[in-house]
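Overview (structure and organization)
What follows is the residue order along each chain.
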Amino acid sequence: MMNLLYIVWNPSEVIFHIGSFGVRWYAMCWLAGLLLGTILMAKLYKDEKIPDEKFDPLFIYIFVSVLIGARLGHCLFYQPDYFLSSGKHIVEMFLPIHFMADGSWKYTGYEGLASHGGVIGMIIAIFIYSYRNKVNVWTVFDNMGICSCVTATFIRLGNLMNSEIIGKVTDVPWAFIFEKVDKYPRHPGQLYEAIAYACFFLLIYALYKKHPEKVGSGFFVGLCLTLVFTARFFIEFVKDIQEPFEAGMPLDMGQILSIPIIIVGIACMIGGKWMKKIGAKVNDK
């Protein structure tokens with residue numbers, strides 16, 4: 001009887017085709033998350049009376065940095081033995097292709113993006129953007145902290161549509177059977193994260209509406225990082241390992257990388273006036 005409650009999951013990864021090109025759910029989830037995040041960020045800039053011309057370049061900075069950071073993060077954190085083993089594999093780090101044994105290549109899309117790498121890329125890009133556009137760096141960070149959980153929610157839904165980042169085998173009644181993987185009921189780890197991030201967005205946005213004066217103090221970005229990566233740390237316990245080298249480790253790579261980000265998040269939350277001073281100094285130079 002319990003088996004009847006399991007969700008058999010085997011959706012097509014492609015929504016529709018344009019000629020021979022398939023538009024994938026994963027790509028559309030990424031775009032939807034970035035679009036909603038951008039719309040919300042534009043509203044925050046307007047509320048804070050930051051000129052439109054300073055907002056316009058932000059999307060490019062964030063989009064490019066998150067994509068590059070997430071890709072390099074996956075390649076260097078999870079598969080360095082493969083991607084650093086030859087010149088062709090290094091090319092695969094940057095281009096969405098795979099070189100075949102016969103010397104040909106095929107388009108694969110970016111098979112592997114790591115959220116920790118995306119965060120690192122975004123942090124670097126925000127410092128560059130803030131310096132070049134003379135916007136308080138901690139204001140930008142806090143605005144990203146308010147918006148980011150929306151994008152993260154849709155990215156994890158994209159992972160769900162791809163049947164990737166799956167959970168461990170379980171007998172909980174809401175288990176998913178990812179038919180592209182095997183026939184065992186598993187924790188829907190991607191869905192756990194998506195639900196958690198959606199809840200975090202509602203909480204952070206409610207706090208922003210109640211305390212808009214905290215924007216620029218590092219509080220909101222700190223709260224976002226702390227909540228997201230604390231949830232990530234604990235959800236990892238019910239997720240299957242992503243790479244063979246994680247087998248037998250007391251903590252997997254996702255958990256190890258989450259710990260310093262949680263510490264940074266807590267530091268941002270308690271930094272307060274110190275963060276505002278740092279941001280002002282950066283923009284005065």
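Residues numbered from 1 in each chain as written. Predicted model: local features only at pLDDT ≥ 70, side-chain atom pairs only at ≥ 80, totals over all residues. Heavy atoms only, no water.

So, the packing of aromatic side chains
Inspection of every chain in the model, using the stated rule, returns 16 aromatic pairs. Seen from their ring centres, F234 and F237 are 6.5 Å apart, and the 45° between their planes marks the pair as tilted. In this structure an aromatic cluster arises from ring pairing among F201, Y205, Y208, F219 and F220. The ring of Y131 is capped by K134, whose NZ or CZ atom sits 5.1 Å from the centre of that ring. The aromatic ring of F219 is capped on one face by K214, whose charged end is 5.0 Å from the ring centroid. (Phe/Tyr/Trp six-rings, centres within 6.5 Å; stacked < 30°, edge-to-face > 60°. Lys NZ or Arg CZ within 6 Å of the ring centre and 35° of its normal.)

A closer look at the environment of G189
As for its position among the elements, G189 is in helix α8 (residues 189-210). Residues G189 and N159 lie 30 residues apart in sequence; the distance between their C-alpha atoms is 9.6 Å. Excluding anything up to four places from it in sequence, G189 contacts I165, G167, I235 and K239. (Helix = DSSP H or I, 4+ residues; strand = E, 2+ residues; numbered from the N terminus. Contact = heavy atoms within 4.5 Å.)

Regarding unusual backbone geometry
You will see that K49, though not glycine, has its phi angle at about 60°, which is positive. Here K49 lies in the loop between α1 (25-47) and α2 (52-55). The residue S163 is not glycine, and still its phi comes out positive at about 55°. Within the fold, S163 resides in the loop between α7 (137-161) and β6 (176-178).

A closer look at the pattern of salt bridges
In this structure the tally under the stated criterion is 9 salt bridges. For R186, the salt bridge identified is with D182, shortest N-O distance 2.6 Å. Take R186 and D182: they sit in the same class, and that class is buried. Two residues, E236 and K239, come together in a salt bridge whose shortest N-O distance is 2.7 Å. Of the two residues, E236 and K239, neither departs from the other in class, the shared state being buried. Residues joined in a network through salt bridges with shared partners are R156, E193, R232, E236 and K239. (Salt bridge = Lys/Arg side-chain N within 4 Å of Asp/Glu carboxyl O. Buried < 20%, exposed > 50% of the residue type's maximum accessible area, 1.4 Å probe, protein only.)

Re the nonpolar core
Counting residues in hydrophobic clusters, the biggest one holds 50 residues, and the most contacted among them are Y45, L58, I126, V140, F200 and I204. Every element with two or more residues in this core is listed here: α1, α3 (58-77), α6 (115-133), α7, α8, α9 (219-235) and α10 (253-271). Counting residues per element, this core draws most heavily on α9, which supplies 11 residues. Structurally, this core is a two-domain feature, drawing no fewer than three residues from each of domain 1 (1-47 + 144-241 + 249-284) and domain 2 (51-134). Sequence-distant contacts of I126, defined by excluding residues within four places in its chain, comprise I62, V137, V140, F141 and M144. Ranked by size, the runner-up nonpolar core spans 6 residues in total, among them W9, L160, M161 and I166. (Core = buried A, V, L, I, M, F, W, Y, C linked by side-chain atoms within 4.5 Å. Domains from an automatic or database assignment.)

Here's the deal with the UniProt feature "transmembrane region" (unreviewed entry) in the chain
In the numbering adopted here, UniProt assigns the feature "transmembrane region" (unreviewed entry) to residues 25-46, 58-79, 113-131, 138-157, 191-208, 215-235 and 255-275. Secondary structure content for residues 25-46 is 100% helix and 0% strand, and the end C-alpha separation is 31 Å. Taken end to end, residues 113-131 is 89% helix and 0% strand, and its first and last C-alpha atoms sit 27 Å apart. (UniProt positions renumbered as here; feature names shortened; annotations may be inferred.)

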